[in-house]
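Commentary on secondary and tertiary structure
One letter stands for each residue in the lines below.
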Amino acid sequence: MTAAYDYEDMHHLVDRLTPTQVRRLRLLVTQDEELSQVAQSLPAVDANEAEESVPAGLLALIGSVNGPEDLAERHDDYIRERMRDRFGDSA
């Protein structure tokens, strides 16, 4: 396993967590001595502020994207395929 694979794997894992699970994971991170240092270096985000930062037009966009049913799960694969088609195997 490479660090890049680990990063992608964790990224996809966190994307699949429910909000309750994310809060629990954050609690676990803050309780770990090494990981808590990283968590403390991040700017604090108020829950109300995070909800207000979503552009109003974004909610209208959701659901209007046409594509394969697994587009969200395989978007990296689809982009790689398009790059190969456009630029060859060197991309």
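Residues numbered from 1 in each chain as written. Predicted model: local features only at pLDDT ≥ 70, side-chain atom pairs only at ≥ 80, totals over all residues. Heavy atoms only, no water.

Quick word on the overall build of the protein chain
For the record, the criterion: Helix and strand definitions follow DSSP, with helices as H or I runs of at least four residues and strands as E runs of at least two, each counted in order from the N terminus. Only protein chains enter the accessibility calculation, which uses a 1.4 Å probe; a residue is then buried when its area is under 20% of its type maximum, exposed when over 50%, and partly exposed in between. Reported accessibility uses the Shrake-Rupley method at a 1.4 Å probe radius. Residues are deemed covered only where the shown protein chains occlude them.
When you go through the protein chain residue by residue, the secondary structure sums to six helices and zero strands. Per-residue burial for the protein chain yields a buried fraction of 3% across its 91 residues. Only carbon and sulfur atoms are counted for the fraction: they give 56% of the accessible area of the protein chain, which is about 8,500 Å².

Details of the pattern of salt bridges
Heads up, the rule is: Salt bridge, as used here: a side-chain nitrogen of Lys or Arg that lies within 4 Å of a carboxyl oxygen of Asp or Glu.
All chains considered together, the criterion is met by three salt bridges. Here Arg74 ties to Asp77 by a salt bridge, and the two come within 3.3 Å at their closest N and O atoms. Exposure remark for Asp77: the relative accessible area of 32% places this residue in the partly exposed category. Across the pair Asp77 and Arg80 runs a salt bridge whose closest N-O atoms are separated by 3.0 Å.

With respect to the side chain of Ser36
For the record, the criterion: Whenever a nitrogen or oxygen atom comes within 3.5 Å of another N or O atom, the pair is scored as a polar contact, on the condition that within protein one atom can donate a hydrogen and the other can accept it, and that pairs from neighbouring residues in sequence are kept only if both atoms are in side chains. Whether two residues touch is decided by their heavy atoms; if any such pair falls within 4.5 Å, the residues are in contact.
The topology assignment puts Ser36 in helix 3 (residues 33-41). Of note is the side chain of Ser36, whose polar atom sits 3.0 Å from the backbone oxygen of Glu33. Those residues in contact with Ser36, other than ones at most four positions away along the chain, are Val29 and Thr30.

Remarks on a nonpolar patch on the surface
Note the following rule: Residues form patches when they are more than 30% accessible in relative terms and have no salt bridge. Like charges link within 9 Å. Nonpolar side chains (Val, Leu, Ile, Met, Phe, Trp, Tyr) link within 5 Å.
A grouping of Met10, Leu13, Val14, Val22, Leu25 and Leu28 is seen on the molecular surface, where their side chains present a nonpolar patch of about 460 Å² in accessible area. At the level of elements, helix 1 (3-15) and helix 2 (19-31) are the ones that each hand at least two residues to the nonpolar patch. Mapped onto the secondary structure, Met10 falls in helix 1. Under the relative-accessibility criterion, Met10 is labelled partly exposed at 44%.

Let's talk about the packing of helix 2 against helix 3
Counted only if it meets this: Angles shown run from 0 to 180 degrees and are taken between the N-to-C directions of axes, each axis being a line fitted to C-alpha atoms and, for helices, limited to the stretch in contact. Orientation is classified from the angle alone, with under 35 degrees giving roughly parallel, over 145 giving roughly antiparallel, 65 to 115 giving roughly perpendicular, and any other angle giving oblique. Residues are grouped as follows: Ala, Val, Leu, Ile, Met, Phe, Trp, Tyr, Cys and Pro are nonpolar; Asp, Glu, Lys and Arg are charged; every other residue, Gly included, is polar.
Contact geometry of helix 2 with helix 3 gives a least axis separation of 5 Å together with a crossing angle of 110°. Judged on the interaxial angle alone, helix 3 and helix 2 are roughly perpendicular. Counted together, Arg26, Val29, Thr30 and Gln31 of helix 2 and Glu33, Leu35, Ser36 and Ala39 of helix 3 form the full contact between these two elements. Of the residues assigned to the contact of helix 2 with helix 3, the class counts are three nonpolar, three polar and two charged.

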